[in-house]
Amino acid sequence: MLAPQSVLLQGTLDLLVLKALTLQELHGMGISRRIAQITGGAFDVKAGSLFPALHRMEQAGWLTSFWGESETNRRAKFYALTKAGKKQLHTESERWERISLAMATALRTT
Amino acid sequence: VISRLRALWNNVFRRKQLDRDLDEELQAYLELVSAEKMREGVSPEEAYRDARRDTGGVDQVLQSVRDVRVGVWLDRLVQDVQYGVRTLAKNPTFSLVAVGTLALGIGANTAMFSLLDQVVLRLLPVRHPEQLVIVRETGNHYGTSYGANTISWPMFEDLRDNNHVFSGMFCRFPATVTIGYGDRAAQIPAELVSGSFGQRFGLVNDMEPVSPDNEVIGVIPDRKYRDLRETPPARAYFPYFEGAHFRFMNVYLRTQDDPRQIENELRERMRQFDPHVLVVGLQTMNEQIGFSLRTERLVASLSAVFGGLATLLAVIGLYGVMAYVVMRRTREIGIRIALGALRSNVIAMVMREVFILIGAGLAAGFSLALALANLIRSQLYGLNARDPLTFIGSAVVLALAAGSAGFIPALRASSVDPATAPRHE
């Protein structure tokens, strides 16, 4: 497991949020927990970076939000992917794969 | 783009609602996190405290969300402007003086430039007016002639047939023609013109030579021939025909070269052709217009000088006010710098107030200019005194001049020494 405050690469958080929302719509904490789950606990996204990212992505049209009811029967804001968000996820995943492949190759070179 | 525009709309007009929603969203988040902790066996109070601590401060989260909102610069701008206006309102006399001088400078200048532009800078409404010249004879005139600057028909013929200097040539002769219909007849002013008249002026294609059944081949806009102050009468144009009985006419030439250089050559050729003819003179169209507008041009040039002086005064006035404002706030600026404000922050702070003053000055100045334009319009002959380009141009020039006047105090403010500033009285 990485250090709890691993610095997220620029753009990584957006990609993780998009990925976390592929299966179902989630509220803020749900997204945070889902990211921890899919990264094997490597990333613990705090509210201070999660909420600005969510609002920024909603303004960009990648996410849409609606008020729903949480597990604790409380009004909570849920986020879901839009069509543009799915497209963004697709292009960003490809870009990320290219980068990680290039980095891995570079680091293996002796 | 659409989602961004919608977000901008919401951020600007539904800010309260957005803030309430954000607050509720974060509260829900806190409760969910503490509920999770309680499930792990932590007491409710402790769980809520932990949740708040993990969040890293609700206010900080709120602020960082607000900072990513589309159009956050708009919020900041509004705040900055409000602050600037409050500061200036504390010194109402000085602000009024600054705005007043700016308004005067801008208003006077814009109005003056409109006048200058119309009577000095604008050229004839024909193609390449700088290439047009009028030929005139100097010396004794024999026989009758109609109006000034006329030359005789044989002379025109000589010029037309022997000239290789000009790219074109036409003549005109003002006349009256009688139009009849049924048993009625009316006299209308007319121009007898040579065939290339329209083409040389760049108005219409050449006219056909006169035929028994005259046919309308072109429409020429109203023109002023005798005086710029005249109202152009309804006028018909007829091709000049041989045998018409007039002896003198105005002859116009068009040349691609500098008309000044042609004058001597033309004179020389005419002397060779016939040593007895009168001396031929040239006058460019623009010179002729200048001559007929000489009074207006003098007034306009004088006004331009006064306009320049008004601008200078306005700029000095603004400089004085801003220098005074900066001096009064030396302590505040010193403390700001001591607290970590950058030079650029201080310059921006002062320039903001300068631009508020300029904005107010522009608004007042344009009202003044529009009022003056009404006065000026009576001095212009059928021309527009409210040319938007003139207004925008003078606004930009004056805003730049006033902006640089304000920049000097801003620069001085930015170099306030925080060590000595607090003791400044």
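Parameters at a glance
Residues numbered from 1 in each chain as written. Chains lettered and ligands numbered in written order. Predicted model: local features only at pLDDT ≥ 70, side-chain atom pairs only at ≥ 80, totals over all residues. Heavy atoms only, no water. Helix = DSSP H or I, 4+ residues; strand = E, 2+ residues; numbered from the N terminus. Buried < 20%, exposed > 50% of the residue type's maximum accessible area, 1.4 Å probe, protein only. Salt bridge = Lys/Arg side-chain N within 4 Å of Asp/Glu carboxyl O. Contact = heavy atoms within 4.5 Å. Buried area = accessible area lost by both parts, 1.4 Å probe. Polar contact = N/O pair within 3.5 Å; in protein donor to acceptor, adjacent residues only side chain to side chain. Nonpolar A, V, L, I, M, F, W, Y, C, P; charged D, E, K, R; others polar. Core = buried A, V, L, I, M, F, W, Y, C linked by side-chain atoms within 4.5 Å. Pairing = 2+ DSSP bridges. Phe/Tyr/Trp six-rings, centres within 6.5 Å; stacked < 30°, edge-to-face > 60°. Expected span 1.5 Å × (residues − 1). pLDDT = per-residue confidence, 0-100. Axes fitted to C-alpha atoms, helices over the stretch in contact; angles between N-to-C directions. Parallel < 35°, antiparallel > 145°, perpendicular 65-115°, else oblique.

**Brief notes about the overall build of chain A**
A tally of helices and strands in chain A yields four helices and three strands. Element order for chain A, N to C, with α for helix and β for strand: α-β-α-α-β-β-α. Within chain A, buried positions represent 42% of all 110 residues.

**Quick word on the pattern of salt bridges**
This model, assessed by the stated rule, comprises nine salt bridges over all chains. Where B:Glu25 meets A:Lys77, a salt bridge forms, and the shortest distance between an N and an O atom there is 3.9 Å. A residue pair is termed interchain when its members come from two chains, as with B:Glu25 in helix H2 (residues 15-39) and A:Lys77 in strand S3 (residues 75-81). As far as burial versus exposure is concerned, B:Glu25 and A:Lys77 are alike and both buried. A salt bridge links B:Arg53 to B:Asp50, with the nearest nitrogen and oxygen atoms 3.4 Å apart. With B:Arg53 and B:Asp50 both in helix H3 (residues 44-55), this residue pair falls three residues apart, about one helical turn.

**Points about the interface of chain A and chain B**
Taken together, the contact pairs 23 residues of chain A with 25 residues of chain B. Summing the contributions of chain A and of chain B, the shared interface buries around 2100 Å²; its carbon and sulfur component is 60%. Applying the counting criterion to the chain A and chain B interface returns three salt bridges. For the salt bridge of B:Glu36 with A:Arg33, the shortest nitrogen-to-oxygen distance reads 2.7 Å. Counting across the interface, chain A meets chain B through four residue pairs in polar contact (both at pLDDT 80 or more). Counting only elements with at least two residues in the side of chain A that touches chain B, the list comes to helix H2 (28-38), helix H3 (47-59) and S3 of chain A. In terms of residues, the side of chain A that touches chain B owes the most to one element, H3(A), which gives seven residues. When grouped by side-chain class, the residues that make up the side of chain A that touches chain B number eight nonpolar, eight polar and seven charged.

**Overview of the nonpolar core**
Ranked by internal contacts, the top residues of the largest apolar core, which has 36 residues, are A:Val17, A:Leu21, A:Ile31, A:Ile35, A:Phe51, A:Leu54 and A:Leu63. Elements represented by at least two residues in this core include exactly helix H1 (12-20), H2, H3 and S3 of chain A together with H2 and helix H4 (58-68) of chain B. Not counting the four nearest positions on each side in its chain, A:Leu21 is found in contact with A:Leu26, A:Ile31, A:Leu63, A:Tyr79 and A:Leu81. Residues B:Leu88, B:Ile347, B:Leu357 and B:Leu398 belong to the second largest nonpolar core, which totals 31 residues.

**Considerations on the sheet that holds S3(A)**
Residues and elements named next belong to chain A. A sheet is described by the order of its strands in space; here three strands give the open sequence S1-S3-S2, paired in antiparallel fashion. Unpaired on one side and paired on the other, strand S1 (26-27) and strand S2 (63-69) mark the two borders of the sheet. In this sheet, S3 lies alongside S2 in antiparallel orientation, the contact comprising seven bridges. Residue pairing for S3: Glu 69 is matched across the bridge by Arg 75.

**With respect to the packing of aromatic side chains**
The geometry of an aromatic ring pair comes down to the distance between the two centres and the angle between the two planes. Residues and elements named next belong to chain A. Per the stated rule, a full pass over the model turns up two aromatic pairs over all chains. Look at Phe 66 and Phe 78: their rings are 5.9 Å apart centre to centre, the planes differ by 15 degrees, and that puts the pair in the stacked class. Of this pair, Phe 66 sits in strand S2 while Phe 78 sits in strand S3, placing them 12 residues apart in sequence. Relative accessible area serves as the criterion here: at 12%, Phe 78 is assigned to the buried category.

**Thoughts on H2(B)**
With 25 residues, H2(B) ought to run about 36 Å at 1.5 Å a step, and its terminal C-alpha atoms sit 36 Å apart, in line with that. One or two positions beyond H2(B), positive phi appears at B:Gly41, with a value near 100 degrees.

**A look at the confidence of the model for chain A**
Residues and elements named next belong to chain A. Mean pLDDT for chain A: 85, with 91% of residues reaching 70 or above. Highest mean pLDDT in chain A belongs to helix H4 (residues 83-108) (91); lowest belongs to H3 (88). For residues 1-6, every residue scores under 50 in pLDDT, and the model assigns this stretch seven contacts once sequence neighbours within four places are set aside.

**Some thoughts on the packing of H1(A) against H3(A)**
All names here are of chain A. Direction vectors running N to C along H1 and H3 enclose 75 degrees, while the axes themselves pass 10 Å from each other. The angle between H1 and H3 places the two elements in the roughly perpendicular class. In this structure, H1 uses Leu 13, Asp 14, Val 17 and Leu 18 to contact H3, whose residues at the interface are Ser 49, Leu 50, Ala 53, Leu 54, Arg 56 and Met 57. Within the contact of H1 with H3, the residues separate by chemical class into seven nonpolar, one polar and two charged.

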